[in-house]
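# Working through the structure, step by step
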Amino acid sequence: MDLLGLGSKVDVEFLLDPQGQRKQVEVKLDDNNKRALQHIYYDGEDVGGMVQIQLKKNSKVEHQGIRLEFVGQIEMLNDRSTIHEFINLSKLLAFPGELIESTSIDFHFPNVEKPYESYIGINVKLRYFIRLTIIRRFTNTVSERDICVQQLSQFPEINNSIKMEVGIEDCLHIEFEYNKSKYHLKDVIVGKIYFLLVRIKIKHMEIAILKKETTGNGPNIYAETETIAKYEIMDGAPVRGESIPIRLFLGGYDLTPTMKDIQRKFSVRYFLNLVLVDEEERRYFKQQEIVLWRKQDKIKQKNSARQYAQFEPPNSAIKPEDGLTGLSGDEEGSPVNGPSSSVSDLSIPEVDDSTPTPLTRDFIGLCIGIVAVILVMLIVAIYKWSHCLCLKRNQGSNDPMERLSVIIQENNLRRHSSAQQRRLDPNRRPSANHPSNNGNRYVSSTNHGLLSPPQPIFNGHRLTDVKAPRITITTLPIQSSQQLVPRLSISPQISNSSITHNAYPINK
């Protein structure tokens, strides 16, 4: 073929990590247990590197262009013609021309979305790879390099325990419990099995991890079940009230996260299968679905843009076909009755062992805002407290005026009562304590507790031309031993023409 110019004259090599900083993992390639090392990438990371094109000795290659592609596709292994590409990014590395010597070309795909995890199963393969195509006249030269994509998930917000009671009526009743329903790939499954009623002779009991792979859709659905691990957890006949502990480590197995309806092409689910075998080799089993997810490593990738995929909560509905079923070899008509199961979930808190994050600017700003609000509230409280003290002090300063008004009112009441007695007994002489001089005629009581002159009567008529006196009340400072006596300054304004000297006659 080389003589005709149809053979390959070039060797292509991909350098994805020249510095050697990216982590690699050993991946199973086919059913022959052939494995290879692949670089690990996460969703949103850049994919770049170098392509080395080496020509064979004394050869040259004419081409119509060199194209580089980043491809993500799903292959059905039972039907090689069915290939579904969900990602295809292309770049032209070189224009049409002629290669006369070996060359190296750099490439870079920024922020590549990788929505699914790489998976190689029994009937399906999901892979990401870089493909270099040298376009030639007759046959193209194609080289591919696979990479491994892993999807990191966050800790599930809800992770209830699994507790269920199953059994055969009047023959066997057991209750099994698992500490949670979602486990990461390096987790430990912890549980217990309680025997509530035992009337059949059980030989031994075992637990297994099953992987169910479903491909296709509609009527063309193919299901494959693979046993990942199997352990015998009990040997001999149990008695009523006996408890069997379960502790199963997942870190030693080649597991992948749970996948559901990937591009409507396939699904991968995991189950815990509990099997009881009696002395007649009849098998009683109960399957319970669990959800597996990938936990991030402690050392994070620095150049990753989006390393976390949104965790999809599982469908915890228990299907009727997953109930307790009895088998007696290949015989039919097994005497096993239908299952009677009831589910009751227990809430066991999940301990988050992720490393704490440092304080951010937003958190510091929130703390400063809270402190400012507290200071403002404190200042307002101090202001209101001082205002109340001022009001009390002002109220205390008005007390002497109130006492003065009370004294004046009492004095007015005594004078008013003495005036009534004089009118009733005109022959009574005025006493020394209450002399009837002209100064007392201007002391009277009003509705408001103020001083005003009386209305004198002359020959049965009131004097209307007497003007009200101007009265000034001054309070003198007094000592603690003295009484509070107001000083009255009366300056009446009375016209001489209207009042004579005999305005108020005194009866002897």
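This structure is a prediction, so every number in the text was calculated from the model and none was measured.

### Brief notes about the overall build of the chain
Regarding its fold elements, the chain presents two helices and 30 strands. Burial statistics for the chain: of 508 residues in total, 34% are counted as buried. Considering only residue pairs separated by 6 or more positions, the chain has 67% of its internal contacts joining residues 24 or more positions apart. Within the structure as shown, the chain displays about 33,400 Å² of accessible surface, and the carbon and sulfur contribution to it stands at 51%.

### Describing the side chain of H204
Summarising the element assignment, H204 is placed in strand 18 (residues 202-217). According to the relative accessible area criterion, H204 is buried, its value standing at 15%. The residues contacting H204, other than those within four sequence positions of it, are E232, M234, D235, G236, V275, L276 and V277.

### Some points on the environment of Q38
By secondary structure assignment, the location of Q38 is in strand 3 (residues 35-41). Since its relative accessible area comes to 9%, Q38 is described here as buried. Between the alpha carbons of Q38 and Q24 there is a distance of 5.4 Å; along the sequence they are 14 residues apart. The contact partners of Q38, leaving out residues within four places of it in the chain, are K23, Q24, V25, V27, L29, D146, I147 and C148.

### What to know about the confidence of the model for the chain
On average, residues of the chain score 75 in pLDDT, and 67% of them are at 70 or above. Across residues 1-6, confidence stays below pLDDT 50; counting only partners more than four residues off in sequence or on other chains, it has seven contacts. Low pLDDT (under 50) marks residues 300-358, which in the prediction has 106 contacts with non-local residues, meaning those over four places away or in another chain.

### Digging into unusual backbone geometry
Despite not being glycine, D170 has its phi angle at roughly 60°, a positive value. Relative to the elements of secondary structure, D170 occurs in the loop between strand 14 (162-168) and strand 15 (172-178).

### Some details on the packing of aromatic side chains
By the definition in use, this model includes eight aromatic pairs. Their ring planes at 45° and their centres at 6.3 Å tell us that F70 and F109 sit as a pair that is tilted. Linking F70 in strand 6 (residues 66-76) with F109 in strand 9 (residues 103-109), this pair joins segments that are 39 residues apart in sequence. Judged by relative accessible area, which is 3%, F109 ranks as buried. Residues Y119 and F266 carry aromatic rings whose centres are separated by 5.7 Å and whose planes lie at 15° to one another, so their mutual orientation is stacked. Pair noted here: Y119 is in strand 10 (residues 119-120) and F266 is in strand 22 (residues 266-278), with a separation of 147 residues, a long-range link. Each member of the pair, Y119 as well as F266, carries the same accessibility label: buried. Put simply, the rings of F70, F86, F107, F109, Y116 and Y128 pair up and form one aromatic cluster. Looking at R22, its charged tip hangs above the ring of Y41, at a distance of 4.0 Å from the centre.

### As for the pattern of salt bridges
Tallied over the full model, the rule gives 17 salt bridges. One salt bridge in this structure joins R294 and E117, with 2.4 Å as the shortest N-O distance. Highlighted residues: R294 in the loop between strand 23 (282-293) and strand 24 (308-309) and E117 in the loop between strand 9 and strand 10, separated in sequence by 177 residues. Look at R294 and you get buried, because its relative accessible area is 14%. What makes E117 buried here is its relative accessible area of 6%. Between E281 and K203 there is a salt bridge, with its nearest N and O atoms 3.1 Å apart. Remark: K203 occurs in strand 18 and E281 occurs in the loop between strand 22 and strand 23; sequence separation between them is 78 residues.

### Overview of the pairing of strand 15
In terms of burial, strand 15 is a largely internal element, six of the seven residues being buried. The pairing of strand 14 with strand 15 spans seven bridges and is classified as antiparallel. Directly across from G167, in strand 15, lies its bridge partner H173. Hairpin connection, strand 14 to strand 15: the antiparallel pair is bridged by three residues, and D170 has positive phi, about 60°.

### A word on the sheet that holds strand 1 (residues 10-15)
Strands sit in the order 1-4-9 across an open sheet of three strands; the sheet is antiparallel. On the outer flanks of this sheet lie strand 1 and strand 9, each paired with one strand and no other. On average, adjacent strands in this sheet sit at an angle of 20° to one another, irrespective of strand direction. Examined bridge by bridge, strand 4 (residues 47-55) and strand 9 share seven bridges and lie antiparallel to one another. For M50, the partnering residue across the bridge sits in strand 9 and is D106.

### Describing the side chain of K114
Residue placement: K114 occurs in the loop between strand 9 and strand 10. In this structure K114 is buried but unpaired, with E45 as the nearest side chain of opposite charge at 5.6 Å. Look past the residues within four positions of K114 in its chain and what remains in contact with it is Y41, Y42, D43, G44, E45, V47, F70, I87, Y128, V149 and Q151.

### A word on the environment of P156
Checked against the element boundaries, P156 lands in the loop between strand 13 (152-153) and strand 14. Its relative accessible area of 9% is what places P156 among the buried residues. Taking C-alpha positions, P156 is 9.3 Å from W293, a pair spaced 137 residues apart along the chain.

Quick notes on the rules
- Residues numbered from 1 in each chain as written.
- Predicted model: local features only at pLDDT ≥ 70, side-chain atom pairs only at ≥ 80, totals over all residues.
- Heavy atoms only, no water.
- Helix = DSSP H or I, 4+ residues; strand = E, 2+ residues; numbered from the N terminus.
- Buried < 20%, exposed > 50% of the residue type's maximum accessible area, 1.4 Å probe, protein only.
- Contact = heavy atoms within 4.5 Å.
- Areas by Shrake-Rupley, 256 points an atom, 1.4 Å probe, with all protein chains shown as cover.
- pLDDT = per-residue confidence, 0-100.
- Phe/Tyr/Trp six-rings, centres within 6.5 Å; stacked < 30°, edge-to-face > 60°.
- Lys NZ or Arg CZ within 6 Å of the ring centre and 35° of its normal.
- Salt bridge = Lys/Arg side-chain N within 4 Å of Asp/Glu carboxyl O.
- Pairing = 2+ DSSP bridges.
- Axes fitted to C-alpha atoms, helices over the stretch in contact; angles between N-to-C directions.
- Lys, Arg positive; Asp, Glu negative; His and termini not counted.

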